[in-house]
Amino acid sequence: MSTSPSCSAFRPNNNPDNLHFIHREKSHWKDHTRYTFTMDEKQDVTILFGGLTLLQDKLIASALHSLGERYMAMPNPDFESFQLGKAFGNRGQCNPTYFNVGNLIKYLQKLRDEKGLSSKEIIQKYLFVTAGGCGPCRFGMYITEYRKALSDAGFEGFRIMSFEHNKGIFQAVNDNSAINFTPTFFITLTKAVIIGDIINLLGYKMRPYELQKGATDKAIEACRKIVSEAFMQKKNLVKAMWKCREVLEKVGLDRLQPKPKVMVMGEFWAAMTEGDGNYNLHRFLEEEGAECIPQPLINRLMLSIWEAEFALEKTQDIEKPDQKKIDFSNPKNKLLIKTAKIALKTHFTFYAKAIGLHDFEIPDIQKLADLSKAYYPLESSGGEGHMEVAHLIESAKENLAHLVISVKPFGCMPSSCVSDGIQSLVTSRFPAANFLSIETSGEGAANFYSRVQMALFKAKQAAKEEFEALDIPKYIPPKIHHYLYQPKTDKAGTAARLIQSITPKIF
Ligand code: SF4
């Protein structure tokens, strides 16, 4: 049933345009998905999107503007967005839905109540694009949830257009539609996403060690402008990334502080978002003296490619009813998957080398699958699949972090209900692993922070002990504080790695 929110905070103002839902008869709501967006309308319609990191959303907007598209990134979802999502959404949805659906409603209400647009004008002049798709969890219901909540919020008929998250650059495109889901669109989008990943990764490496508070964020904003301009003017992106080096080099760092390294992983959105959606987890950890290892989006892209490859290989052995085996039925698909993987890795590597991200390894999903398959059935897709279990095992075996946090929305099916169940077996086999699984519900921040602080205490001790066990050489070369110097050793902490890299080896 379509229900109206009862909380007075969400009652509309007295504009008669907004009072319809109070007087509307209760009726069974149905999702009528036949929304159109024609070429005639294109000049007058702004396409809203959002939901990735702040930097990525901005870069995507610039990248798509360069294709002549009127895309606009939404503001970051906050707690008010979450409350609106809950007020207008169905019960029992996931946090990412509440935050993102509520964020869209909040934005549209502002257009209506502050800019004076009528609901009808908003529906005509704006639409929203998001990823959709099927799956074993509630992800498959996101699009319908958007439509239902918007309808109850007074924006019945607001267009939600979606692309299939697992179909890569080849989406079904309707010839009459002005929505531009072409390969060029997705290639441009992917470039913006991976450049955002690279700059974000460098930000997380530098911010905890900056001498002047805020210097890293300023430098990242300057890099964002350089790259956005390169997108808009269709300039060489590798050169733009190289130009960013000059900006980053000016950030003074003191990298010999033994800070705990914390890997933040878990459900895709909860682990990636930078705001109230995960109680600003990354910033909180940094304020508490930690260095974060975030999960870049390239991990998710590589997982999608691996899943497609895995599914294709599985179909090799499927027998037809007449018992004849199917040959490797679609070599074209295999070639496409391989090409996508190579293209993604090549672009990432070029951009990363240009700006000076040297020590990041694009995840080898097959290696992670091999690490986790004794614990996690690889056929179980949904959410991050086997990745959460694999990250913890990899971190324990290769000493990548002092603490691994798996963050997920309350009741997330793949993450809380499947992966976390398996993680108890992993932690019993790797007792040295410092692992914290934590749920976000949109409320209960104090409990969340307190649990993180408890796990961080142990991580801080481990980082300190690791550093103090090393002999500090008398001469410390200045390069050690330079962001471009990224040695790899068997230590987890940055300071310990740097010291170990300049300590002569005794054979
Ligand atoms: S992965 Fe978890 S949070 Fe995301 S849609 Fe599925 S159940 Fe919800």
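Bear in mind that the values here come from a model prediction, so they are computed numbers and not experimental data. (Residues numbered from 1 in each chain as written. Predicted model: local features only at pLDDT ≥ 70, side-chain atom pairs only at ≥ 80, totals over all residues. Heavy atoms only, no water.)

Could you clarify how one ought to interpret the overall build of the protein in this entry?
Scanning the protein from terminus to terminus reveals 18 helices and eight strands. Counting only carbon and sulfur atoms, one obtains 55% of the accessible surface of the protein, whose full area is about 24,300 Å². (Helix = DSSP H or I, 4+ residues; strand = E, 2+ residues; numbered from the N terminus. Areas by Shrake-Rupley, 256 points an atom, 1.4 Å probe, with all protein chains shown as cover.)

Looking at this model, I keep getting lost on the nonpolar core. Mind explaining?
One broad trend across soluble globular proteins is that nonpolar side chains are buried collectively. In terms of nonpolar packing, the biggest core is built from 91 residues, with Tyr 71, Val 129, Ile 179, Ile 195, Ile 199, Val 227 and Met 241 touching the most fellow members. Here this core takes 12 residues from helix H7 (residues 183-206), the largest share from any one element. Residue-level mapping places this core at the junction of two domains, with at least three residues from each of domain 1 (19-49 + 70-179) and domain 2 (258-295 + 375-507). Other than its neighbours up to four places away in sequence, Ile 199 contacts Leu 55, Ile 220, Cys 223, Val 227, Met 241 and Ile 355. (Core = buried A, V, L, I, M, F, W, Y, C linked by side-chain atoms within 4.5 Å. Buried < 20%, exposed > 50% of the residue type's maximum accessible area, 1.4 Å probe, protein only. Domains from an automatic or database assignment. Contact = heavy atoms within 4.5 Å.)

Looking at this model, I keep getting lost on the confidence of the model for the protein. Mind explaining?
Interpretation of the predicted coordinates at a detailed level should be avoided for regions scoring low in pLDDT. With 88% of its residues at a pLDDT of 70 or more, the protein has an overall mean of 88. Here residues 1-12 scores under 50 on pLDDT; set against residues more than four positions off or in separate chains, the count is 24 contacts. (pLDDT = per-residue confidence, 0-100.)

I'm lost on the pairing of strand S1 (residues 46-49) in this one. Help?
Burial of S1 is two-sided: the residues Thr 46 and Leu 48 facing one way and the residues Ile 47 and Phe 49 facing the other way are all buried. Bridge count for S1 against strand S2 (residues 71-73) is three bridges, and the pairing is parallel. Bridged to Ile 47 within S2 is Tyr 71. Assessed by its sense of winding, the connection that carries the chain from S1 through helix H2 (residues 54-65) to S2 is right-handed. (Pairing = 2+ DSSP bridges. Right-handed = clockwise from strand over helix to strand, strands pointing away.)

For this particular structure, what's the right way to read the layout of surface pockets?
To find leftover empty space, one rolls a probe the size of a water molecule over the atoms. Put simply, the second largest pocket is a space of about 760 Å³. Lining the second largest pocket we find 30 residues, and of these Ile 293, Asp 359, Phe 360, Glu 361 and Leu 400 sit closest to its centre. Those elements that provide at least two residues to the lining of the second largest pocket are H7, strand S5 (261-266), strand S6 (291-293), helix H14 (365-372) and helix H15 (387-398). Looking at the lining of the second largest pocket residue by residue, the class counts come to 13 nonpolar, five polar and 12 charged. (1 Å grid on protein atoms, 1.4 Å probe; cavity = no way out; pocket = protein on both sides within 12 Å on 5 of 7 lines; lining within 4 Å. Points joined across faces, edges and corners; volume = space filled by probe spheres on them. Nonpolar A, V, L, I, M, F, W, Y, C, P; charged D, E, K, R; others polar.)

Before we go on, may I ask you to explain H7 in this structure?
Note on helix geometry: an α-helix contains 3.6 residues per turn, so any two residues three or four positions apart are oriented the same way. Here H7 spans 35 Å end to end across 24 residues, near enough to the 34 Å set by a 1.5 Å rise per residue. Burial of H7 is extensive: 18 of the 24 residues sit out of reach of the surface. (Expected span 1.5 Å × (residues − 1).)

Where do I start with the site of the ligand in this structure?
Close to the ligand lie Cys 94, Cys 137, Arg 138, Phe 139, Tyr 142, Glu 267, Gly 383, Pro 409, Cys 412, Met 413 and Pro 414, which account for all nearby residues. Of the residues belonging to the shell around the ligand, the class tally is eight nonpolar, one polar and two charged. Mapping the shell around the ligand onto the domain boundaries places at least three of its residues in each of domain 1 (19-49 + 70-179) and domain 2 (258-295 + 375-507). (Near = heavy atom within 4 Å.)

Would you explain the pattern of salt bridges in this entry?
Should the charged atoms of two oppositely charged side chains come close, the side chains can pair. This structure, assessed with the given rule, holds 20 salt bridges. Among the ionic pairs, Asp 359 bridges to Lys 205, the shortest N-O distance being 2.8 Å. Of this pair, Asp 359 sits in the loop between helix H13 (331-355) and H14 while Lys 205 sits in helix H7, and the two are 154 residues apart along the sequence. Judged by relative accessible area, which is 16%, Asp 359 ranks as buried. Take Lys 205: its relative accessible area is 23%, and that puts it in the partly exposed class. Notably, a salt bridge pairs Lys 408 with Asp 420, separated by 2.9 Å at the nearest N-O pair. Linking Lys 408 in strand S7 (residues 403-409) with Asp 420 in helix H16 (residues 413-429), this pair joins segments that are 12 residues apart in sequence. In this structure Lys 408 comes out as buried when scored by relative accessible area, which is 0%. (Salt bridge = Lys/Arg side-chain N within 4 Å of Asp/Glu carboxyl O.)

Is there a simple way to explain unusual backbone geometry in this structure?
Not every positive phi belongs to a glycine, and Lys 234 is a case in point at roughly 50 degrees. Examined against the element boundaries, Lys 234 turns out to sit in the loop between helix H8 (215-232) and helix H9 (237-249). By relative accessible area, Lys 234 is classed as exposed at 60%. In the Ramachandran plot, Asn 399 falls in the positive-phi region, its phi being about 50 degrees despite a non-glycine side chain. Structurally, Asn 399 is set in the loop between H15 and S7. Here Asn 399 falls in the partly exposed class, since its relative accessible area comes to 30%.

Looking at this structure, how should I read the sheet that holds S5?
Paired through their backbone hydrogen bonds, the strands of a sheet run either parallel or antiparallel. The strand order across the open sheet formed by four strands is S6-S5-S7-S8, and the pairing between neighbours is parallel. Bordering the open sheet on either side are S6 and strand S8 (435-440), each of which pairs with just one other strand. Ignoring strand direction, the axes of neighbouring strands in this sheet form an average angle of 30 degrees. (Axes fitted to C-alpha atoms, helices over the stretch in contact; angles between N-to-C directions.)

Got a minute to help me understand the packing of H7 against H8 in this structure?
Helix-helix packing is characterised by the crossing angle of the two axes and by the distance between the axes. Relative orientation of the contacting elements H7 and H8 amounts to 160 degrees, with a least axis distance of 10 Å. Between H7 and H8, the angle falls in the class roughly antiparallel. Every pair of crossing elements has a handedness; the one defined by H7 and H8 is right-handed. Seen from H7, the contacting residues are Thr 188, Lys 191, Ala 192, Ile 195, Ile 199, Gly 203 and Met 206; seen from H8, they are Thr 216, Ile 220, Cys 223, Val 227 and Phe 231. Partitioning the contact of H7 with H8 into residue classes produces eight nonpolar, three polar and one charged. (Parallel < 35°, antiparallel > 145°, perpendicular 65-115°, else oblique. Left-handed = near helix turned anticlockwise from the far one by under 90°.)

Is there a simple way to explain the packing of H2 against H7 in this structure?
Where H2 contacts H7, the two axes come as close as 9 Å, and the packing angle between them is 145 degrees. The crossing of H2 and H7 is right-handed. Here Leu 55, Gln 56, Leu 59, Ile 60, Ala 63 and Leu 64 of H2 lie close against H7, whose contacting residues are Phe 185, Thr 188, Leu 189, Ala 192, Val 193, Ile 195, Gly 196, Asp 197, Ile 199 and Asn 200. For the contact of H2 with H7, the residue count by class is 11 nonpolar, four polar and one charged.

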